[in-house]
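# Observations on the three-dimensional arrangement
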Amino acid sequence: MINNRQQRLLQNMDDREILFHLYATQALMIVAAIIFGFFLFPDFKSFKELWNLFDFRIILYGGGIALFVIITDLLFIKYLPNELIDDGGLNEKIFQHRSIPHIFFLTIVIAFSEELLFRGVIQTHFGIVVASVIFALLHFRYLQKWVLFTSVIFLSFLLGYMFLKTNNLFVTTFAHFLIDFILAVKLRLNYISSKRHSKR
C-alpha cells in the first residue's frame, strides 16, 4: 500500500533529506514550467500578462478563499476522526521543526512553483480539468484517504476557477500561500506546545 511504503520511507529520512526532496521537487516544477512555457507561450509578454500585482482581488478573492479553506480544514481537524485526515505524518515532518521565517519562505516557494506550473502553464493551455486533476494526483499520498483527496480536488478546482475569473496568478498564488502558511504555522505551534507539556 502507498501509505505504508510512504510511512516507512518517512521514518528512514532525516530532516535534511526531507528538506532536500521538498526543495528539489519545487525546483523541478519551476524548471518544467519554464521549459513548457517556452514552447507553449507565443512570447514572454503573454506570460507576463498573467501576473498583475496591482489588483485588489489578490486580497479580496485570494484572502477570502484562503480563509474559507483554512476554516474548513480546522473544522475537519476538530470534528473528524484522525484516521480520515491523517496524511501519514509528512506535513508534520516538513513543518514542525521549522522556524516561522523558514515556514514563510517554504510556503512562498511551494505556492509559487505549483501555481506557476499548474495554473500558469497547464491550465492556461490545457484547461481547468486537466490542471486540477494533475494537481490532485500530485498529492498521491491522499489517494487512500477519501476526505483528504476530495479536499485537494476541491481546492484545485477552486484555485482553477479563481484563475479563470481573475486571469491573475498573484490571486491564486496568494491564496495557496496563505492556506499553506497558516496551517503550517499551526503545526509548528502545536509541536512547541506539546514539547512544553511533555516537560512538565
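To be clear, the structure that these remarks concern was listed above.
First things first, this report covers the structure right here in the doc. What you are looking at is a predicted structure, and each value in this text was computed from that prediction instead of being measured.

What counts, and at which threshold
Residues numbered from 1 in each chain as written. Predicted model: local features only at pLDDT ≥ 70, side-chain atom pairs only at ≥ 80, totals over all residues. Heavy atoms only, no water. Helix = DSSP H or I, 4+ residues; strand = E, 2+ residues; numbered from the N terminus. Rg over C-alpha atoms; globule rule 2.2 N^0.38 Å. Buried < 20%, exposed > 50% of the residue type's maximum accessible area, 1.4 Å probe, protein only. Salt bridge = Lys/Arg side-chain N within 4 Å of Asp/Glu carboxyl O. Contact = heavy atoms within 4.5 Å. Patch = residues over 30% accessible without salt bridge, like charges linked within 9 Å, V, L, I, M, F, W, Y side chains within 5 Å. Areas by Shrake-Rupley, 256 points an atom, 1.4 Å probe, with all protein chains shown as cover. Phe/Tyr/Trp six-rings, centres within 6.5 Å; stacked < 30°, edge-to-face > 60°. Lys NZ or Arg CZ within 6 Å of the ring centre and 35° of its normal. Core = buried A, V, L, I, M, F, W, Y, C linked by side-chain atoms within 4.5 Å. Axes fitted to C-alpha atoms, helices over the stretch in contact; angles between N-to-C directions. Left-handed = near helix turned anticlockwise from the far one by under 90°. Nonpolar A, V, L, I, M, F, W, Y, C, P; charged D, E, K, R; others polar.

Within the protein, the regular secondary structure consists of 10 helices and 0 strands. Counted from the first residue to the last, the protein has its helices and strands arranged as α-α-α-α-α-α-α-α-α-α. Since a compact globule built from 200 residues should have a radius of gyration of about 16 Å, the 17 Å found for the protein is in line with a globular shape. Here the C-alpha coordinates of the protein stretch approximately 60 × 35 × 30 Å along the principal axes. Of all 200 residues assigned to the protein, the portion counted as buried reaches 41%.

This part covers the pattern of salt bridges. Applying the stated criterion to the full structure yields 3 salt bridges. Note that R98 is salt-bridged to D15, the shortest N-O span being 2.6 Å. Taken together, the residues R98 in the loop between α6 (90-95) and α7 (100-126) and D15 in helix α2 (residues 15-40) connect sequence positions 83 residues apart.

With that out of the way, let us pick up the environment of F149. Residue placement: F149 occurs in helix α9 (residues 146-166). Owing to a relative accessible area of 18%, F149 belongs among the buried residues under this scheme. Sequence spacing of F149 and R196 is 47 residues, and the spatial spacing of their C-alpha atoms is 33 Å. For F149, the contacting residues outside a window of four places in its chain are A136, L137, Y142 and L143.

Take a nonpolar patch on the surface next. On the surface, a cluster of nonpolar side chains totalling about 910 Å² of accessible area is made up of V31, I35, F36, F38, F39, L40, F126, V130 and I134. Those elements that place two or more of their residues in the nonpolar patch are α2 and α8 (128-138). Inspection of the secondary structure assignment puts I134 in helix α8.

What follows covers the packing of aromatic side chains. Using the criterion set out here, one finds 12 aromatic pairs in the structure. Site record: aromatic cluster; members linked through ring pairs are F41, F44, F47, W51, F112 and F170. Over the aromatic face of Y79 sits the side chain of K78, whose NZ or CZ is 5.7 Å from the ring centroid.

Counting through the fold element by element, M162 comes out in helix α9. Residue classification places M162 among the buried residues on the basis of a relative accessible area of 5%. In the structure, M162 is positioned 43 residues away from R119 in sequence and 9.9 Å away in space, judged by C-alpha atoms. Once residues lying within four places of it in the same chain are set aside, the contact partners of M162 are Y61, G62, I65, N167, V171, T172 and A175.

Counting 22 residues, the largest nonpolar core has F47, L50, W51, L117, F118 and V152 as the members making the most contacts within it. When contributions to this core are tallied by element, the ones reaching two or more residues are α2, α7, α8 and α9. Ignoring sequence-local partners within four residues, the contact set of F118 consists of M29, Q123, A131, I134, F135 and L138. The next biggest cluster of nonpolar side chains, apart from the first, holds 14 residues, and it includes I18, L90, I94 and A184.

The description of two helices packed together rests on the angle between their axes and the distance between the axes. At a minimum axis distance of 7 Å, the contact between α7 and α8 shows a crossing angle of 145 degrees. Considering the relative orientation of α7 and α8, their crossing is right-handed. When α7 is examined against α8, the residues E114, F118, R119, I122, Q123 and F126 are found in contact with a partner set consisting of I128, V130, A131, I134, F135 and L138. Grouping the constituent residues of the contact of α7 with α8 by class yields 9 nonpolar, 1 polar and 2 charged.

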